[in-house]
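Here is how the chains run, residue by residue.
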Amino acid sequence: VAFNTFCQSNPGEVWPGVGSNEMIYYYSGLVLVREFTAWIEGIGYDLTATSQDDTQFKVSWRITPAENNHSSLTLTIRQVLEQGSERKMKQYVRLLEKYLNQVGQGCEYYLRTGERVRRNQFGSHRLFSPPVAKQENLEV
């Protein structure tokens, strides 16, 4: 939640390690259930994410140490496809590219400043957090 500009809340039900699970509530109303299938201390983890429409993704996060106190984060996402859903997969890929770029910006911002990101700080996203309507100043 600290660096995901689209995440409203992220309660963990069992934490940490294999068998951990959590829910991610996005500002758009989308909810993902994440179940952790591998936990490699100091390196990363694998999980299965399932949305309300039962779309499933297999996700791997890996951190690789680099030089000069820098690290590299690699995310691998595989969609579990139903037969004939190639079009749906291509749509998700485009949406996930934008999502991951903006979450990456949030992670970099949080690590650099120590400050939590704000909603849509790096732009809105139609699937995870649509634009927020600006309230007009009204005199009473």
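Residues numbered from 1 in each chain as written. Predicted model: local features only at pLDDT ≥ 70, side-chain atom pairs only at ≥ 80, totals over all residues. Heavy atoms only, no water.

K.L.:
Account for the pattern of salt bridges, with residues named and values stated.
P.N.:
Applying the stated criterion across every chain, the model contains two salt bridges. Here Arg34 ties to Glu22 by a salt bridge, and the two come within 2.4 Å at their closest N and O atoms. Within this pair, whereas Arg34 is found in strand 4 (residues 31-40), its partner Glu22 is found in strand 3 (residues 21-26), the two being separated by twelve residues in sequence. By relative accessible area, Arg34 is classed as buried at 13%. (Salt bridge = Lys/Arg side-chain N within 4 Å of Asp/Glu carboxyl O. Helix = DSSP H or I, 4+ residues; strand = E, 2+ residues; numbered from the N terminus. Buried < 20%, exposed > 50% of the residue type's maximum accessible area, 1.4 Å probe, protein only.)

K.L.:
So what about the state of the cysteines? Which residues, and what values?
P.N.:
This structure, assessed with the given rule, holds zero disulfides. Cys107 provides the cysteine sulfur closest to Cys7, a residue in no disulfide bond, and the two sulfurs are 14 Å apart. Of the residues examined, Cys7 reaches a relative accessible area of 5% and is grouped as buried. (Disulfide = S-S within 2.5 Å.)

K.L.:
Let's hear about the nonpolar core: which residues, and what values?
P.N.:
With 18 residues, the main nonpolar core has Phe6, Tyr26, Leu47, Phe57, Tyr99 and Phe128 as its most contacted residues. At the level of secondary structure, the elements contributing two or more residues to this core comprise strand 3, strand 4, strand 5 (44-51), strand 6 (56-65) and helix 1 (86-113). When residues of this core are assigned to their parent elements, the largest contribution, four residues, is made by helix 1. In this structure, Phe6 is in contact with Tyr26, Tyr27, Tyr99, Gln102, Val103, Asn120, Gly123, Ser124, His125, Phe128 and Ser129, ignoring residues within four places of it in sequence. (Core = buried A, V, L, I, M, F, W, Y, C linked by side-chain atoms within 4.5 Å. Contact = heavy atoms within 4.5 Å.)

K.L.:
Tell me what's going on with the side chain of Gln102, and back it up with residues and numbers.
P.N.:
With respect to the helices and strands, Gln102 occurs in helix 1. For Gln102, a relative accessible area of 5% translates into the label buried. Among residues more than four places away in sequence, those in contact with Gln102 are Phe6, Phe122, Gly123, Ser124 and His125.

K.L.:
Account for unusual backbone geometry, naming residues and giving values.
P.N.:
Residues apart from glycine generally show negative phi values, whereas peptide bonds are mostly found in trans. We note that Asp54 has phi near 70 degrees; this positive angle belongs to a residue other than glycine. Along the polypeptide, Asp54 turns up in the loop between strand 5 and strand 6. For Asn120, which is not a glycine, the phi torsion comes out positive at approximately 55 degrees. Inspection of the secondary structure puts Asn120 in the segment after helix 1.

K.L.:
Tell me about the packing of aromatic side chains, residues and numbers included.
P.N.:
Summed over the entire model, instances satisfying the criterion amount to ten aromatic pairs. Measuring from ring centre to ring centre gives 6.3 Å for Tyr109 and Phe122, while their planes differ by 70 degrees; the resulting arrangement is edge-to-face. Placement of Tyr109 in helix 1 and of Phe122 in the segment after helix 1 is noted, with a sequence separation of 13 residues between them. Among the aromatic residues, those joined into a ring-pair cluster are Phe6, Tyr26, Tyr99 and Phe128. (Phe/Tyr/Trp six-rings, centres within 6.5 Å; stacked < 30°, edge-to-face > 60°.)

K.L.:
Residue-level account of the pairing of strand 3, with values.
P.N.:
Here two bridges tie strand 1 (residues 7-9) to strand 3, and the two strands are oriented antiparallel to one another. When the bridges of strand 3 are listed, Ser9 appears paired with Tyr25. Taken together, strand 2 (residues 12-14) and the strand that follows it, strand 3, pair antiparallel across an intervening segment of six residues, in which Gly17 is found at a positive phi of about 100 degrees. Of the pairings in the sheet, the one linking strand 3 to strand 4 comprises five bridges and is antiparallel in character. What sits directly across from Met23, in strand 4, is Val33. Between strand 3 and strand 4, which pair antiparallel in sequence order, lie four residues; one of them, Gly29, sits at a positive phi of approximately 100 degrees. (Pairing = 2+ DSSP bridges.)

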